[in-house]
Amino acid sequence: MKTVLTIAGSDCSGGAGIQADIKTITANKLYASSVITALTAQNTTGVSGIFEVSPEFVAQQLDSVFTDIAPDAVKVGMVSSSDIIKVIASQLTRYNAKNIVVDPVMVATSGSRLIGESAIETLISTLIPLARVITPNIPESEVLCGFSIHNEDDMVKAARAIADKTGVAVLVKGGHLVNDAVDCLCEDGHIEWYASRRINNPNTHGTGCTLSSAIACGLARGMTLAESIHCAKQYLTGALEAMLDLGAGSGPMDHTWCIPEPAQNN
């Protein structure tokens, strides 16, 4: 069985972060391991508290995973401090980690800020260069490229600018625009679009975590980046189409939509 490691924060409400990643990896029939960078007190209405794990303990978790069940792909999500980012980058380099997908989580779906300003430059200079692909949404892409994004032409400019700046493939996610859910990939100077039908579902908590984890699943299986993104988009679309409705705010998706119901005893 192929294995995927998720390095991210814990979402106690279960819709995003480590919990969404493990559900996604499991639903895609791969083995999930995890390194927790922070505990969050959050639900569908917002984040009320963040408790960071020490960099030393993050390193210890990474040692435990890589020296026993080495992953075929790695997804990196919420990393809220420079020291934690440096430790993760150092350990991934030490263990020659492959197929790294970095979701540069800066703002939660609810609008709550999840990363400090000082950590952004460290993220750009130490962790992102190790990635096979990074998956910023529109607000995150604006932070990374330094200009506003209003349309698909701007997405292309942003993807190229971020790719030039970081030296890695960039998938700019267009879900924050008002048209169909189109994402723009810049890989080795080539632009490719991934379109999916926009689903009228207000419950989108954890969509970014889910997509990046699903991409990591494809890479772990040996798919190309393009194939991995295509399959990940299909999985995310199914999770949204299931129309799960939980919580008072932007609720979670049904990560198990593709798993058959268990047989019932008569």
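Per chain, residues are indexed from 1 in the order of the written sequence. In keeping with the predicted nature of the model, local features appear solely for residues at pLDDT of at least 70, side-chain atom pairs appear and are counted solely at 80 or more, and the whole-chain, interface and lining totals rest on all residues. Only hydrogens and water are set aside; all other atoms, that is, all heavy atoms of the structure, feed into the side-chain values.

Undergrad: Sorry, what's going on with the side chain of Thr3 here?
TA: Labels follow the DSSP assignment, with helices taken as runs of H or I lasting at least four residues and strands as runs of E lasting at least two, numbered in each case from the N terminus. Tracing the backbone shows Thr3 in strand 1 (residues 3–11). By the convention used here, residues are in contact when the closest approach between their heavy atoms is within 4.5 Å. Those residues in contact with Thr3 that sit more than four places away from it in its chain are Tyr31, Ile69, Ala70, Pro71, Asp72, Ala73 and Ala220.

Undergrad: Honestly, the nonpolar core in this entry has me stumped. Any pointers?
TA: Proteins that are soluble and globular tend to have nonpolar side chains buried together. The term nonpolar core refers to a set of buried residues drawn from Ala, Val, Leu, Ile, Met, Phe, Trp, Tyr and Cys, joined through side-chain atoms within 4.5 Å. Three exposure classes are used, based on accessible area relative to the maximum for each residue type with a 1.4 Å probe and protein chains only: buried under 20%, partly exposed in between, and exposed over 50%. With 47 residues, the main nonpolar core has Ile7, Val74, Val76, Ile88, Leu92, Leu127 and Ile134 as its most contacted residues. Filtering out sequence-adjacent residues up to four positions away, Leu127 remains in contact with Val76, Val79, Ile85, Ile88, Ala89, Leu92, Val102 and Thr122. Residues Val4, Ala32, Leu225 and Ala232 belong to the second largest nonpolar core, which totals 28 residues.

Undergrad: So what exactly am I meant to see when it comes to the pairing of strand 8 (residues 181–187) here?
TA: Remark: a regular strand shows side chains that alternate across the two faces of the sheet. Along strand 8, six of the seven residues are buried, which leaves the element largely enclosed by surrounding structure. Here, strands pair whenever DSSP counts at least two bridges between them. Of the strand pairs in this sheet, strand 7 (residues 169–173) and strand 8 are connected by four bridges, and their pairing is antiparallel. Within the sheet, the bridge partner assigned to Lys173 lies in strand 8 and is Asp183. Sheet analysis places strand 8 next to strand 9 (residues 190–196), joined by seven bridges and oriented antiparallel. Bridging across to strand 9, Asp183 finds its partner in Tyr194. The hairpin turn running from strand 8 into strand 9, its antiparallel successor, is two residues long, and Asp188 in that turn takes a positive phi close to 55 degrees.

Undergrad: Can you help me understand the side chain of Asn203 in this one?
TA: As for its placement among the helices and strands, Asn203 is situated in the loop between strand 9 and helix 7 (207–220). Within the structure, the side chain of Asn203 is placed 3.2 Å from the backbone oxygen of Leu244, a separation counted as a polar contact. For this analysis, a polar contact is any N or O atom pair within 3.5 Å, provided that within protein one partner can donate a hydrogen and the other can accept it, and provided that sequence-adjacent residues contribute only side-chain to side-chain pairs. At 2.9 Å, the side chain of Asn203 and the backbone nitrogen of Gly251 are in polar contact. Once residues within four sequence positions are removed from consideration, Asn203 is found in contact with Leu240, Leu244, Asp245, Leu246, Gly249, Ser250, Gly251, Pro252 and Met253.

Undergrad: Any chance you could explain a nonpolar patch on the surface here in plain terms?
TA: Excluding any residue in a salt bridge, patches collect residues exceeding 30% relative accessible area, merging like charges within 9 Å and nonpolar Val, Leu, Ile, Met, Phe, Trp and Tyr side chains within 5 Å. In short, Shrake-Rupley with a 1.4 Å probe defines the accessible areas, and a residue's cover is counted only from the protein chains shown. Salt bridges are defined by distance alone: a side-chain nitrogen of Lys or Arg within 4 Å of a carboxyl oxygen of Asp or Glu. A cluster of nonpolar side chains, namely Met1, Tyr31 and Ile69, defines an oily patch on the protein surface of about 340 Å² accessible area. As for its position among the elements, Ile69 is in the loop between helix 2 (55–66) and strand 4 (73–76). Under the relative-accessibility criterion, Ile69 is labelled partly exposed at 34%.

Undergrad: Looking at this structure, how should I read the pattern of salt bridges?
TA: Pairing between side chains of opposite charge can happen when their charged atoms approach one another. Inspection of the entire model under this criterion finds six salt bridges. For the salt bridge of Asp183 with Lys233, the shortest nitrogen-to-oxygen distance reads 3.0 Å. On the criterion of sequence distance, the pair formed by Asp183 in strand 8 and Lys233 in helix 8 (residues 225–241) is long-range, its members being 50 residues apart. Both residues of the pair, Asp183 and Lys233, belong to the buried class. Among the ionic pairs, Arg197 bridges to Glu241, the shortest N-O distance being 2.4 Å. Linking Arg197 in the loop between strand 9 and helix 7 with Glu241 in helix 8, this pair joins segments that are 44 residues apart in sequence. With relative accessibility at 53%, the residue Arg197 sits in the exposed group.

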